[in-house]
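The chain contents come next:
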There are 2 protein chains.
Amino acid sequence: MSAPDARLGPSDYVILGILAAAGPMTTYGLKRAIASSVGYFWPFPHAQLYAESARLAALGLLSETQEGGGRRRRVYSITPGGRAAVGSWLETPTPEPAQFRDLGLLKLAFGSLAGPEAVAALARDQAAAHAERLAAYEAYPGYPMEPHVRLTLELGLRYERAALGFWQEAILSADIRDVVVRESPGRDTRAG
Amino acid sequence: MSAPDARLGPSDYVILGILAAAGPMTTYGLKRAIASSVGYFWPFPHAQLYAESARLAALGLLSETQEGGGRRRRVYSITPGGRAAVGSWLETPTPEPAQFRDLGLLKLAFGSLAGPEAVAALARDQAAAHAERLAAYEAYPGYPMEPHVRLTLELGLRYERAALGFWQEAILSADIRDVVVRESPGRDTRAG
DNA sequence: GGGTACATGTAATCAGTTACATGATTTA
DNA sequence: TAAATCATGTAACTGATTACATGTACCC
């Protein structure tokens, strides 16, 4: 059935998924649609959209038409091939672990190079930042949101709460290693 | 004092930080040192080390010497300039929010395109994967680990626990949106 | 009618990844 | 001593980010 499966990356599936779910739109439309859905946790700078969607069109997974009017913007829609590609992607398992890139955490790892003062300042900073994000998450409007997307937000919330708690404990403990010490004795590894 | 501050990225600070903390080593040594510290959450493919550390040497932040023996491996050590760079990096605040790239979450966001069956399968998958990682984290040896690094692991643990709980609830609920529904009543959307 | 914010796009660069290649060391 | 594994490195490519440039709408 001639699947033209040149390797697609996650970003490609974001584009395909949005178009499959919400119908044809311009590149700018894509930008907004992404920003209001997976954009919360999957960064996607708009410049990339142009390259990426052109490539998908070349692969036959999108079809591209130009507007007639003054500025001839491109409008993309998904082809049956594209739809099939998202579908099978959604159904294949996802072995790769999630990766989180946290600059604060990175700095913490090198805390021994800075004084305890600097580490404490870092903790205060990070706690504040996470509190702010948490508040922003909680403030999102509930109504016009696709349920699955809302779910992803729920996990985002939990991550933020975990981070906030972590950094707050780090603040409270004069010596930072108390965070772990306090955790260790009572911790039964119930992961089994 | 002529700080040659060509923009440094996080990866650069990883290299500088390791060398500052643990003394001179070969590129391969760096690879291992990274793997056993921040490598848990900050992926750093070894191929990048060669390019990156050469660049840092060119900037005068590292000094590079060749071994005399059969294979003339490069040994890097940090210069005073390099040490200063890490130091000031550690002391400047970190405004950028952490970003987590989670393929499972991305698929969940597009759950409406797949059947509830597929979403349920996804949830089962993800729960299993996170449980496994959680177990791996908990199994790390405690003793020879630098306390700050251990702390980062602690946050990693909490993230994994949050994710595990999330996906487990998703499994349990026949209809996936229950995860949110159950959360909602207690949560007053205080966004005004 | 000029400023400001939103919309639309290109180009250059940089970081990250994959793939490959080969040398050294251990082990069966 | 052959196979396997660990160590070391290069090259090519793809994806992500930055910077810029310009167009259009609205608002004062």
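You'll find the structure just up there.
Residues numbered from 1 in each chain as written. Chains lettered and ligands numbered in written order. Predicted model: local features only at pLDDT ≥ 70, side-chain atom pairs only at ≥ 80, totals over all residues. Heavy atoms only, no water.

Some details on the relation of the copies chain B and chain A
The operation linking the two copies of the chain is a rotation about an axis combined with a translation along the axis.
Inference 1: Under the fitted operation, chain B is carried onto chain A by 0.0 Å of movement along the axis and a turn of 180°, and the coordinates agree to an RMSD of 0.0 Å. Such a combination of rotation and displacement between the chain copies is what one expects of a two-fold axis. Proximity to the rotation axis, assessed at the C-alpha, singles out Phe-100 of chain B in chain B; its C-alpha lies 1.9 Å from the axis.
Inference 2: Of all interface residues in chain B, 96% are interface residues in chain A too; the two copies therefore contact each other through one and the same surface. (Least-squares fit on C-alpha atoms with pLDDT ≥ 70 in both. Contact = heavy atoms within 4.5 Å.)

A short note on the environment of Ala-22 of chain A
Residues and elements named next belong to chain A.
Inference 1: Looking at the secondary structure, you find Ala-22 in helix α1 (residues 10–22).
Inference 2: In this structure Ala-22 comes out as exposed when scored by relative accessible area, which is 53%.
Inference 3: Once the C-alpha coordinates of Ala-22 and Ser-77 are considered, the two residues, 55 residues apart in sequence, prove to be 9.6 Å apart. (Helix = DSSP H or I, 4+ residues; strand = E, 2+ residues; numbered from the N terminus. Buried < 20%, exposed > 50% of the residue type's maximum accessible area, 1.4 Å probe, protein only.)

Overview of the interface of chain B and chain A
Inference 1: Taken together, the contacts link 73 residues of chain B with 72 residues of chain A.
Inference 2: Contact between chain B and chain A buries roughly 7,500 Å² in total, counting both sides, with carbon and sulfur atoms accounting for 69%.
Inference 3: Here chain B is connected to chain A by 2 salt bridges.
Inference 4: Across the pair Glu-169 of chain B and Arg-158 of chain A runs a salt bridge, and its minimum N-O distance is 3.1 Å.
Inference 5: Seen at the junction of chain B and chain A, the total is 12 residue pairs in polar contact (both at pLDDT 80 or more). (Buried area = accessible area lost by both parts, 1.4 Å probe. Salt bridge = Lys/Arg side-chain N within 4 Å of Asp/Glu carboxyl O. Polar contact = N/O pair within 3.5 Å; in protein donor to acceptor, adjacent residues only side chain to side chain.)

Structural notes on the packing of helix α1 (residues 10–22) of chain B against helix α2 (residues 27–35) of chain B
What describes two packed helices is the angle between their axes and the distance between those same axes.
Residues and elements named next belong to chain B.
Inference 1: At their nearest, the axes of α1 and α2 sit 10 Å apart, and the two run at 95° to each other. Here α1 lies roughly perpendicular to α2, going by the angle between them. Contacts between α1 and α2 involve Val-14, Ile-15, Ile-18 and Leu-19 on the former and, on the latter, Leu-30, Ala-33 and Ile-34.
Inference 2: Taken together, the residues of the contact of α1 with α2 sort by class into 7 nonpolar, no polar and no charged. (Axes fitted to C-alpha atoms, helices over the stretch in contact; angles between N-to-C directions. Parallel < 35°, antiparallel > 145°, perpendicular 65-115°, else oblique. Nonpolar A, V, L, I, M, F, W, Y, C, P; charged D, E, K, R; others polar.)

Structural notes on the pattern of salt bridges
Inference 1: Scanning the model with the defined rule gives 12 salt bridges over all chains in all.
Inference 2: Of the charged contacts in the structure, one is a salt bridge between Glu-138 of chain A and Arg-161 of chain A, with a shortest N-O distance of 3.7 Å. In this pair, Glu-138 of chain A is assigned in helix α6 (residues 116–138) and Arg-161 of chain A in helix α7 (residues 147–172), connecting sequence segments 23 residues apart.
Inference 3: Taking the relative accessible area as the measure of exposure, Glu-138 of chain A reaches 28% and is therefore partly exposed.
Inference 4: Residue Glu-154 of chain B pairs with Arg-158 of chain B through a salt bridge whose shortest N-O separation is 2.8 Å. Of this pair, Glu-154 of chain B and Arg-158 of chain B both sit in helix α7 (residues 147–172), 4 residues apart, roughly one helical turn. In terms of burial, Glu-154 of chain B and Arg-158 of chain B fall into one category: buried.

Considering the protein's contact with DNA strand D
Inference 1: By nearness alone, 15 residues border DNA strand D, and Ser-11 and Gln-48 of chain A together with Tyr-28, Tyr-50 and Arg-73 of chain B come closest of all.
Inference 2: Of all atoms in DNA strand D that approach within 4 Å of the protein, 77% are sugar or phosphate atoms.
Inference 3: One nitrogen or oxygen atom from the side chain of Ser-11 of chain A is found 3.0 Å from a phosphate oxygen belonging to DNA strand D.
Inference 4: One of the side-chain N or O atoms of Arg-74 of chain B is found 3.4 Å from a sugar or linking oxygen in DNA strand D.
Inference 5: Of all the elements in the fold, those that place two or more residues in the surface near DNA strand D are α3 (46–58) of chain A together with α2 and α3 (46–58) of chain B. (Near = heavy atom within 4 Å.)

Thoughts on α7 of chain B
The periodicity of an α-helix, 3.6 residues per turn, causes residues three or four positions apart to be oriented the same way.
Inference 1: With 26 residues, α7 of chain B extends 37 Å between its outermost C-alpha atoms, agreeing within 8% with the 38 Å of an ideal straight helix rising 1.5 Å per residue.
Inference 2: The N-cap of α7 of chain B, judged by a side-chain oxygen 2.8 Å from the amide nitrogen of His-148 of chain B a few residues on, is Glu-146 of chain B. (Expected span 1.5 Å × (residues − 1).)

Side note on the packing of aromatic side chains
Inference 1: In the structure shown here, the tally under the stated rule is 9 aromatic pairs over all chains.
Inference 2: Where Tyr-159 of chain A meets Phe-100 of chain B, the ring centres are 4.7 Å apart and the plane angle is 70°; that geometry is what we call edge-to-face. One end of the pair, Tyr-159 of chain A, is in helix α7; the other, Phe-100 of chain B, is in strand β4 (residues 99–101), on a second chain. Of the two residues, Tyr-159 of chain A and Phe-100 of chain B, neither departs from the other in class, the shared state being buried.
Inference 3: Aromatic rings pair up to connect Phe-41, Phe-100 and Tyr-159 of chain A together with Phe-41, Phe-100 and Tyr-159 of chain B into one cluster.
Inference 4: Its guanidinium or amino end placed over the ring of Trp-42 of chain B, Arg-101 of chain A lies 4.8 Å from that ring's centre, counting from NZ or CZ. (Phe/Tyr/Trp six-rings, centres within 6.5 Å; stacked < 30°, edge-to-face > 60°. Lys NZ or Arg CZ within 6 Å of the ring centre and 35° of its normal.)

Some words on the protein's contact with DNA strand C
Inference 1: Close to DNA strand C lie 14 residues, the nearest being Tyr-28, Tyr-50 and Arg-73 of chain A together with Ser-11 and Gln-48 of chain B.
Inference 2: Here the atoms of DNA strand C within 4 Å of the protein split so that 76% fall in sugar or phosphate, with bases taking the remainder.
Inference 3: With respect to DNA strand C, the side chain of His-46 of chain A contributes an N or O atom lying 3.2 Å from a base oxygen.
Inference 4: Within the side chain of Gln-48 of chain B, an N or O atom sits 2.5 Å from a phosphate oxygen of DNA strand C.
Inference 5: For the surface near DNA strand C, the elements supplying multiple residues, two or more each, are α2 (27–35) and α3 of chain A together with α3 of chain B.
Inference 6: With 3 residues, the single largest contributor to the surface near DNA strand C is α3 of chain A.
Inference 7: Looking at side-chain class alone, the surface near DNA strand C contains 5 nonpolar, 4 polar and 5 charged residues.

Looking at the sheet that holds strand β3 (residues 74–78) of chain A
Each strand in a sheet pairs with another by means of backbone hydrogen bonds, the pair being arranged parallel or else antiparallel.
Residue and element names in this part refer to chain A.
Inference 1: Within the open sheet, the 3 strands sit side by side as β1-β3-β2. Their pairing is antiparallel. Bordering the open sheet on either side are β1 (25–26) and β2 (62–66), each of which pairs with just one other strand.
Inference 2: Here 2 bridges tie β1 to β3, and the two strands are oriented antiparallel to one another. Counterpart to Thr-26 in the pairing with β3 is Val-75. (Pairing = 2+ DSSP bridges.)

Interpretation in functional terms is not warranted from these geometric data alone.
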